[in-house]
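Residues per chain, in single letters:
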Amino acid sequence: MARKEDIKLNYLITAALVLVTAITLIPLFIMFYTSIKAEGTLTKNVSEIVVGGEAGHAGIPFTVSGKGAFIWRERLNQDMRKFSRLEFMWKSAGNQELEFGLVDALGKSSFVSISKYADTKKTDWQKVSIPVGDFNLKGLDAKNIEDVVIASDAPASGTLYLDGVILHVKKVTLINYVDVLVSGPFGRYFFNSFIISLFITFGNIIFCSMVAYAFARKEFPGKDMLFLLIIGSIMIPPQVMMVPMFSLMKNIGWLNTYWALIIPALTEPFNIFLLRQYIKTLPKDLEEAALIDGANEWQVLFRVIIPLSKPALAIVGINTFMGSWNTFLYPFLLTNTTEMRTLPVGLALYKSLYSVDWTHLMAASSITAIPVIIVFLCFQRYIIAGLTQGAIKG
Amino acid sequence: MKRLAALLLLLLLSCGFNTCSGKEGKTALTFWQLSVKEDVMRSMIDEFEKENPDIKVDVQILAWDFGFDKIVTSIAAGNAPDLCELGSTWVPTFATGGVLADVTGGLNGVKDKYLFWEPVTYQGKLFGAPWLVGTRALFYNKDLFRKAGLNPDNPPKTWNDLLEYSRKIEALGGGVHGFGIYVGEPYTPWQLFLPFAWSDGAEVLSPDFNKSLINSPEFIETLSFYNSLKKYSIKDRQAQVNQAFAEGKVGMQISGEWNLMLIPQNNPGLDYGVAVVPKPYLNKGEPVSFAGGEVLVIFKQSKHPREAAKLMDFLIREDNIMKVVKSQKNVLPPTKESIKDPYFDEQPKQRVFFEQMLTAKPAPNHPNWQKVEEDLTRAIEQVVLLDVPPKAAVEKAGAKMDKVLAAKKTKTALSDKSVFAIFAVIIIIIGAAVYFWQKMMKALEFHGKKFHLKNTISAYIFISPWLIIFAVFGLFPLIHSMIISFSDYNIIESRFSFVGLANYINVLTDPNFHKALWHTIFFAAGTVPFTTVIALFCALLINRKVPFKQLYQAGLFLPVVTSVIVIASIFSYIYSPDGLLNILIDKLRIPAGGGSFLQLLHKPEPSWLLNTALALPCIMAMCVWSSFGYYTILFLAGLQSISSETYEASSIDGATWWGQFRYIILPQLKPIMLFIVVINSIRSFQVFPEVFAMTQGGPLGSTTTVVYYLYELGFHKFEMGAASAVGYIVFLFIMGFTLIQLKIFKFGESVG
C-alpha cells in the first residue's frame, strides 16, 4: 500500500519539479531565442517588412513604365543578411525581360532576372518570390543595402504593376553573433576573462578550504573575532569601497593589470563562510582516524576534508567562476585599455543611453553565459553525488 | 607549435601583469567617450594622428552603465583623462568643482557657427565645446489619426489641438492611448514637462538662481494642462512609452531621435510622422523643446592641455561631427550650417529634429541641478500619479528647491548645538557597541578552552591567505572610507575637511533615509523567509528518489547566469499595463454576474511598477523568483552530508516524514541554513542592481533602498562623505541583524 502511494507521490513531485524548472528557465530561453532573431525585441517578433504597397490591397499598384537602367526604385536602408526572401505581387503586360536588383550605399549593385521566378508570359497578377541568397551580395556592402530597383536593358513596353513588396525576415540567424564577434577583439576579451576567472576560481578552492578548515575545526585565540570580520567585510556596501579601492590600486601601480583583478578576489569571504559551515556538518570520525594513523593536518585537509566537501566545493567553484566571469564594476573601473577589457566590459558597450539593441545584446549575453553554463554542467554532478556515493561508511 | 603557443601566452600575460606601454617620444593623450561607436571613432582618430604625427591618442569607450561613475572615480583619484565626453547637465557641477579647464580662448573662432553654448558656459567662461546634441520632437501615428478621423498630415500645433487629438485617439479604445506622459524615473518626467512650461513662458529658477519660480501662474497653468492631458495618456517610463508607440498603441509622443531606429526594429510597418512640438496658443509663444547633448571637456588634471585642445578642435569640426551623425543617425550636429547638408534632405524626419533644435533649450545650468530636478520630478509625478492639485504640488516642491538653492550659503562649521548632538550620538553609538559586544561575546563564548602555541601558529598559517589579502585589500580601503565618512568630501571638488559626526547626523535625520531604510527592512523581511522556505522545499523534493535530478538542479540554478537586465526587462513586460499579469487577471475574472472573490482582483492604476504601494513588492517577487534556485542548490549540497544510513535507520524506526524532517534533516542542515539566511539577508539589505534596472528608486521614491540612496548621494550628488556614512550605518545595521541571527542559531556551540 505504502509503496503505491509513494509512487503516486513521486509522480506528483516530478511533475511539480518539471513545472518549476520550466518556469525558471524562461528568461534563459528568451535570451537565447532573442539572440537568434534577425529583427525584433525580447517580446516582439518581426516576420516581414513591407517595402512598398500594402499586401492584399491590389487596388494601389505601382505603375511601371518606360525604359532605362532603373525604371523603378524604392528606398530600403536594410541589412540584407536579415532577410530570406523578397516577395511581391506582379502583373506584367507580357514578355518583359526585367531584372531585380539591390544597390548598396556606394552604388554597387547585383541583379537577378525575373524570368527565373515568374511566368513572364502571364498577364494576370502573380506572386513572385526571390530568395535573397540568389542575389550575389559578395561584392556589396550587404549590411547597408540602400535601394531595391528594377532595371531593363531592352525598352519595356506597356504598363507594369507591382504591389505588396515584402521582405521576409529570416526565422533563425547567427548574424547577431557574427556582428558581436567581429565588433571588437573578442578573442582578447575572452582570454582576459578566462585567465582571471581561472586563477580566481582555483585560488578560492584551495585558499578558502584552508581558511575554512581552520575556522571549522581548530581553536585559536581571536578566532571568533576574525570570523566576524570575514562576515563583516561583506556587509559594507561595495559602492562605498569604489573610490578607496581605486586610489589604492593607483598608488601601488596596479591599475590596468591582472593583479588588480585577481589578487583581492582570491579569498572571497562568501566562500570561506560557506565552506566553514559545510565542514561543520561533516562527521569527525574520518579525520580522527586519519590523525591516529599518523597523518598531519595538511594531509587531513587534502585527503579527507576536501574530498568530503565536494558538494560545497562544487558550489564554490561554480559560484566563483560565475562571479569573476560576470563581474563588471571593478574590471571596468580598474582597466583602461582595450587589451585589458574583460568580456562583460566589452559587451556592456552594446547598451546605449536610450535604446537597447536587443538582438545584439542578447547575442552578447549568450556568449558570456555559455562558458558559465558549461562550467556549471561540469561541476554540478558533484553537488548531488557527494556523500551518498559512499565516502563514509559507518 | 607548443612552444610557440606558450610563448604567445607568456607575451599576452606579461602584458597584463605589467603595465604595458609603448612610449615612443610621442605625447600620449587619453580620451574617454560614450556616444560614438568604436569603428567610427577609430577612423577619425587615425586621421587625427596622421594630421598630428607627434600625438598618440588612446580612446576608451565607456559603457553607459556606470560610465559616469568611472569618470567621477578617476577624477577623485587624480587619474582623469585629458579629454572627455560629458553630458551637458553635468558641466556646471564639474565647473564649480574646479576640475574643468577654461577653454574660452580656443573656441572664440567658432562661437558664431555653433549652437548650444549655454550649457558649457559658467560664470562667463566656456568649460567645454558642444559636440553632439539631441532634442525632442512630436511623433504621431498616422494610422491612429486616420482611425480617429483626424488628418494624418496635420499634426497638432497648439496645446488645445494636442488635448483634443489625444481625446479622440483615446476614445478609440482597445488599449490605445492618445499621448504618452513619462513618470517613474528621475530624468525624463521633467525633460518632457519643462518644454511645455518654457513654451508658456514659465521658468524653474530665477535668472540669478536664488529662487525657484515654479509657483508662478504660468507654471501652474502648464501643470494643470498636463493634469487634463493625463486622462488621455499612457503614463509610464520613457522606454515603455517609446515601445508602446512603436507597437502602434499610442497616438502621439514627444521623444528623441533614437525612436527613428527603435520603431523599425519593433514595427517596421508603422506609419508615423515627426513634427515640431505644439505651443500653448496659435499666436502666442514658441514651440520650445528640450535640448540635451554631449559636450567635450578638458580636465585641469590633464598634463597635455594644448594637445587635448587640438583633439577637441578636430572632433568638433563640422565634417567630423557630420560623420558621426550620418553613421549613427541618433544625434544632431550643433553646427548651424549643417542644415544645408544634403543628408537632411534625404532624412526629412531628422530634418524636423534639426528645425526643432533651433528653438530648444537646455536645462538650467545650476551646479546643483541634480538636486533641483529631484523635486521637480516629484512635483510632476505627484500631479500625474497621485492626483495632487498642481498648486499644492508646486508649493511643496518650490519650498524644497529654495532650500537646495540656499544650502550653499549656509554651509558653515559646526554650531554649539550640533556639538552637543554629536556627543549624544557618540555616547549612543559607544553604548550600542558595548552592548552588542557583550551580547556577542556571550553568544560566542568558549568555556575555558586553552590554546596551545603550536596549534595556534598552525591555525594562523591556515588562515594566512585570507589574513594577508584582507590586511592589504580590505583594511586599507576600509579605513580610507571610514575617514571619508567623517569628512565633508566632495569627490568632484576633492574638497576634504574633517566634520566629525555631521555626516552621520545629517543622514540619520534625513526623512528620505528613514524611508529608504524602511523600504530595505520591508524588502528583507519579505524576501528572506520566502526564499528560504521555497528553496528548502524544492531541495527536499529534488533530494528524493525522483528521475532527472540534474535537470532540475540545472534548471533552478541557471537563472543566476542570466543577467539582471534580461530578467528586469522580462519582468517589466510582465508588470506592464498590457503585460502578462494584467492579461491573467482579465482571464481569471469571471464575466460580470458571477459572484466570485476573483472579481475583487483589480488591475492597479496606472500600472504595477508605477503604483507607489506595489512597485516594491513587484521587485521583491522578481528577486525571490530569480534567486531561490540558487539557495535550493546550496540546501541540496547541505543535504548530501546526511548519509543514507541515517535515513534508513530512521525509517526502520518508523519515523514519520515530519519526524524525519524535524529531528534528522533540520538539525543537520542548521549550519547551511544559517549560512543561507545570513547571506540572503546581507544581499537583501544591499539590494541595488534590481532597483537600478527596474525603477531607479521611483515612483516618488517608493523603491529607494538604502544602497540606492547611498549611490545617488555619492555618485550623483557627489557627497561621498555622507554616502560613506550611509555605508557604515548600513554595516552596523546588518551587523546587528546578523548577530541576532547568529544568536538564534546558537552559532558558538558546535553544531552537527
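Structure's up top.
Read on for a plain summary of the structure. (Residues numbered from 1 in each chain as written. Chains lettered and ligands numbered in written order. Predicted model: local features only at pLDDT ≥ 70, side-chain atom pairs only at ≥ 80, totals over all residues. Heavy atoms only, no water.)

**Side note on helix α23 (residues 564–575) of chain B**
- Compared with an ideal rise of 1.5 Å per residue, which puts 12 residues at 16 Å, α23(B) spans 16 Å between its outermost C-alpha atoms and is within 8% of the ideal.
- Judged by how many residues are buried, α23(B) sits mostly within the fold: nine of 12 residues are covered. (Helix = DSSP H or I, 4+ residues; strand = E, 2+ residues; numbered from the N terminus. Expected span 1.5 Å × (residues − 1). Buried < 20%, exposed > 50% of the residue type's maximum accessible area, 1.4 Å probe, protein only.)

**Some points on the packing of helix α3 (residues 186–217) of chain A against helix α19 (residues 453–485) of chain B**
- Taken N-terminus to C-terminus, the directions of α3(A) and α19(B) make an angle of 135°; their axes are 8 Å apart at the nearest point. As summarised for this structure, α3(A) and α19(B) are arranged oblique, according to the angle between their axes. α19(B) is crossed by α3(A), and the crossing has left-handed handedness. Contacts between α3(A) and α19(B) pair Phe207(A), Met210(A), Val211(A), Tyr213(A), Ala214(A) and Phe215(A) from the former with Ala459(B), Ile461(B), Phe462(B), Ile463(B), Pro465(B) and Trp466(B) from the latter.
- Partitioned by chemical class, the residues of the contact of α3(A) with α19(B) number 12 nonpolar, no polar and no charged. (Axes fitted to C-alpha atoms, helices over the stretch in contact; angles between N-to-C directions. Parallel < 35°, antiparallel > 145°, perpendicular 65-115°, else oblique. Left-handed = near helix turned anticlockwise from the far one by under 90°. Contact = heavy atoms within 4.5 Å. Nonpolar A, V, L, I, M, F, W, Y, C, P; charged D, E, K, R; others polar.)

**Overview of the sheet that holds strand β7 (residues 137–141) of chain B**
All names here are of chain B.
- Ordered in space as β9-β8-β10-β7-β11, the five strands form an open sheet in which the pairing is mixed. Either end of the sheet is taken by a strand with one partner, and the two such strands are β9 (233–236) and β11 (272–275). Averaged over neighbouring strand pairs, the angle between their axes works out to 25° when direction is ignored.
- Strand direction decides the pairing type here: β7 and β11, joined by four bridges, are antiparallel. In the strand pairing of β11, Tyr-140 is matched with Gly-273.
- Sheet contacts for helix α15 (residues 348–357): β7, β10 (250–255) and β11; angle to β11, the most-contacted strand, approximately 20°. (Pairing = 2+ DSSP bridges.)

**Here we look at a positive patch on the surface**
All names here are of chain B.
- Taken together, the side chains of Lys-396, Lys-400, Lys-403 and Lys-515 define a basic patch exposed on the protein surface.
- The element contributing the most residues to the positive patch is helix α17 (residues 390–410), with three residues.
- Relative to the assigned elements, Lys-515 resides in helix α21 (residues 511–543).
- Residue classification places Lys-515 among the partly exposed positions, given a relative accessible area of 42%. (Patch = residues over 30% accessible without salt bridge, like charges linked within 9 Å, V, L, I, M, F, W, Y side chains within 5 Å. Areas by Shrake-Rupley, 256 points an atom, 1.4 Å probe, with all protein chains shown as cover. Salt bridge = Lys/Arg side-chain N within 4 Å of Asp/Glu carboxyl O. Lys, Arg positive; Asp, Glu negative; His and termini not counted. Charge placed at Lys NZ, Arg CZ, Asp CG, Glu CD.)

**Examining the environment of Lys122(A)**
- Secondary-structure assignment places Lys122(A) in the loop between β6 (109–113) and β7 (126–131).
- In this structure the C-alpha to C-alpha distance between Lys122(A) and Trp90(A), which are 32 residues apart in sequence, comes to 9.8 Å.

**Structural notes on unusual backbone geometry**
Residues and elements named next belong to chain B.
- Backbone geometry places Gln-123, a non-glycine residue, at a positive phi of 50°.
- Tracing the chain through its elements places Gln-123 in the loop between β4 (121–122) and β5 (125–126).
- Among the residues examined, Gln-123 registers a relative accessible area of 67% and is labelled exposed.
- The backbone of Leu-700 sits at a positive phi, close to 50°, despite the residue not being glycine.
- Following the sequence through the fold, Leu-700 ends up in the loop between α28 (689–694) and α29 (706–715).
- A relative accessible area of 14% means that Leu-700 is categorised as buried.

These results come straight from atomic positions and should not be treated as a statement about function.
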